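This is what each chain is made of:
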Amino acid sequence: MSSLKELVAGRYGIELDCGADMAAEGTLAQILSRGSQRHYTDEPVTDDLLQVLLACAQSAPTKSDLQQYSIIVVKDGALRQKLSDQGGGMDWPPKAPVFLVFCADIHRIRQLAGVRGHDHQNDNVDTFMNGIIDAAVAMQCFINAAEAAGLGTCPISQIRNKIDETCELLGLPEGVFPIAGLAVGWPQFPTPRISLRLPQSVVVHTDRYDESNMPANVEGYDQRRHAHTPLPEAKQRHVDKYGALDYCPWSENVTRQLSHPERPGFRDFLNKHGFKLG
Ligand SMILES: Cc1cc2nc3c(=O)[nH]c(=O)nc-3n(C[C@H](O)[C@H](O)[C@H](O)COP(=O)(O)O)c2cc1C
């Protein structure tokens, strides 16, 4: 029986001195082995299983017990197609056996404030953040539960490409907006490809934030990652502007990506959609 040490090494592409005495099984092994799955069989996911998984999602922690999120289960085929049409490159997720949209939702408690006769003075950045975190941790609980049941999943931020249209299609009132879609199905390839992560020396800090060796540590990561999964031209960002490279490391590609503003209209959308973000 292999140990968690091997799975940790698989996650980073380097060995860490941990997990040698722990068998590679159960929840920890499942989490260490996870990867996004984008190809599914035609086998349906039963409503019974889906309801259990949604209950797992709702078992996530939630800020002040406010439960400021909603989950849309998109079943209607025509609606899925419309979501796909406006998502720009989002052709495969709506064809997944299950397609969910996780939403931050500050609308519900605002409605309840009216019912209870209280002011609601929190259409603000803090509540915006709480709603997003609630929705995100619920989505991750769903993902872990789905993968424990043998399903594959992939979050989809492309649902935010045309966020006005998405809100319109899903009937989302002011104060509710999608943070991500989630495609779910029985995976065609049971073993997902592992995407190497940044080393703990870069991401984990003790007591105080310390970036002293960050560039050198990221360079090592870049090289390991390229050796593990070289980035083909088709996945290199903004090739028209920066050109295609034989060695296009992670740090090159992510900085290329963020050299262009992404979804710059989002703040305006939110300010029109029930938030006061300034
Ligand atoms: C909030 C969020 C949004 C994402 N959106 C997309 C997406 O629109 N399309 C896609 O193919 N993958 C999407 N992903 C999946 C990431 O690309 C993936 O998690 C990342 O490349 C790391 O790979 P891994 O999940 O296999 O470890 C998203 C992931 C997250 C957490």
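Keep in mind the model is a prediction, meaning the values are calculated, not measured. (Residues numbered from 1 in each chain as written. Predicted model: local features only at pLDDT ≥ 70, side-chain atom pairs only at ≥ 80, totals over all residues.)

Caption draft 1: Quick peek at the overall build of the protein. When you go through the protein residue by residue, the secondary structure sums to 12 helices and four strands. Relative to the compact-globule value of 19 Å for 278 residues, the protein shows a C-alpha radius of gyration of 21 Å, a close match. If you line up the protein on its principal axes, its C-alpha atoms span 60 × 45 × 45 Å. Taking as baseline every contact in the protein between residues at least 6 positions apart, the subset at least 24 positions apart corresponds to 73%. (Helix = DSSP H or I, 4+ residues; strand = E, 2+ residues; numbered from the N terminus. Rg over C-alpha atoms; globule rule 2.2 N^0.38 Å. Contact = placed C-beta atoms within 7 Å.)

Caption draft 2: Seen up close, the site of the ligand. Taken together, Gly35, Ser36, Cys154, Pro155, Ile156, Ser157, Gln158, Ala180 and Ser195 make up the full set of residues adjacent to the ligand. In terms of residue count, the dominant contributor to the shell around the ligand is strand β3 (residues 152–156) (three residues). Of the residues assigned to the shell around the ligand, the class counts are four nonpolar, five polar and no charged. (Near = placed C-beta within 6 Å. Nonpolar A, V, L, I, M, F, W, Y, C, P; charged D, E, K, R; others polar.)

Caption draft 3: Region of the structure containing the nonpolar core. One finds Phe102, Cys103, Ala135, Met139, Phe142, Leu182 and Val184 to be the most contacted residues of the largest nonpolar core, which totals 35 residues. Mapped onto this core, the elements with two or more residues apiece are α3 (47–57), β2 (98–105), α6 (125–148), β3 and β4 (176–185). Ignoring anything within four residues of it in the chain, the contact list for Leu182 reads Leu100, Phe102, Met139, Phe142, Thr153, Pro155 and Ile156. (Core = buried A, V, L, I, M, F, W, Y, C linked by C-beta atoms within 7 Å. Buried ≥ 20, exposed ≤ 12 C-beta atoms within 10 Å, placed from the backbone.)

Caption draft 4: Focus on unusual backbone geometry. Residue Asp65 is not a glycine yet carries a positive backbone phi of 60°. Its place among the elements puts Asp65 in the loop between α3 and β1 (69–73). If you check the backbone angles, Gln67 has positive phi at about 55° while not being a glycine. Mapped onto the elements of the fold, Gln67 is located in the loop between α3 and β1.

Caption draft 5: Fine view of the pairing of β3. Burial analysis of β3 places four of its five residues in the buried class, which makes it a mostly covered element. With five bridges joining them, β3 and β4 adopt antiparallel strand pairing. Looking at β4, one finds that Gly152 is bridged to Gly185. (Pairing = 2+ DSSP bridges.)

Caption draft 6: Broad picture of the pairing of β2. Within β2, eight of the eight residues are buried, which leaves the element mostly enclosed by the surrounding structure. Pairing of β1 with β2 involves five bridges; the strand directions are antiparallel. Each residue of the ladder has a partner; that of Tyr69, found in β2, is Ala104. Pairing between β2 and β4: eight bridges, direction antiparallel. Each bridged residue has a counterpart across the sheet, and for Phe99 the counterpart in β4 is Ala183.

Caption draft 7: Examining the sheet that holds β2 more closely. Pairing is antiparallel in the open sheet, where four strands are placed in the order β1-β2-β4-β3. In this open sheet, the two edge strands, each paired with only one partner strand, are β1 and β3. Each neighbouring strand pair of the sheet contributes to a mean axis angle of 25°, computed without reference to strand direction. Where helix α7 (residues 163–170) meets the sheet, its contacts fall on β1, β2 and β4, and the angle it forms with β4 comes to roughly 75°. (Axes fitted to C-alpha atoms, helices over the stretch in contact; angles between N-to-C directions.)

Caption draft 8: Quick look at the domain arrangement of the protein. Partitioning the protein into domains gives domain 1 (47–190) and domain 2 (194–261). Computed over C-alpha atoms, the centres of domain 1 and domain 2 are 29 Å apart. (Domains from an automatic or database assignment.)

Caption draft 9: Quick look at the packing of α3 against α6. Where α3 meets α6, the closest approach of the two axes is 7 Å, and the angle between their N-to-C directions is 135°. Comparing the axis directions of α3 and α6 gives the class oblique. For the pair α3 and α6, the crossing hand works out as right-handed. Mapping the contact onto sequence places Leu53, Cys56 and Ala57 in α3 and Ala138, Met139, Cys141, Phe142, Ala145 and Ala146 in α6. Across the contact of α3 with α6, the residue classes tally to nine nonpolar, no polar and no charged. (Parallel < 35°, antiparallel > 145°, perpendicular 65-115°, else oblique. Left-handed = near helix turned anticlockwise from the far one by under 90°.)

Caption draft 10: Looking closely at the environment of Leu28. As for its placement among the helices and strands, Leu28 is situated in helix α2 (residues 26–32). In sequence terms Leu28 and Val176 are 148 residues apart; their C-alpha atoms lie 33 Å from each other.

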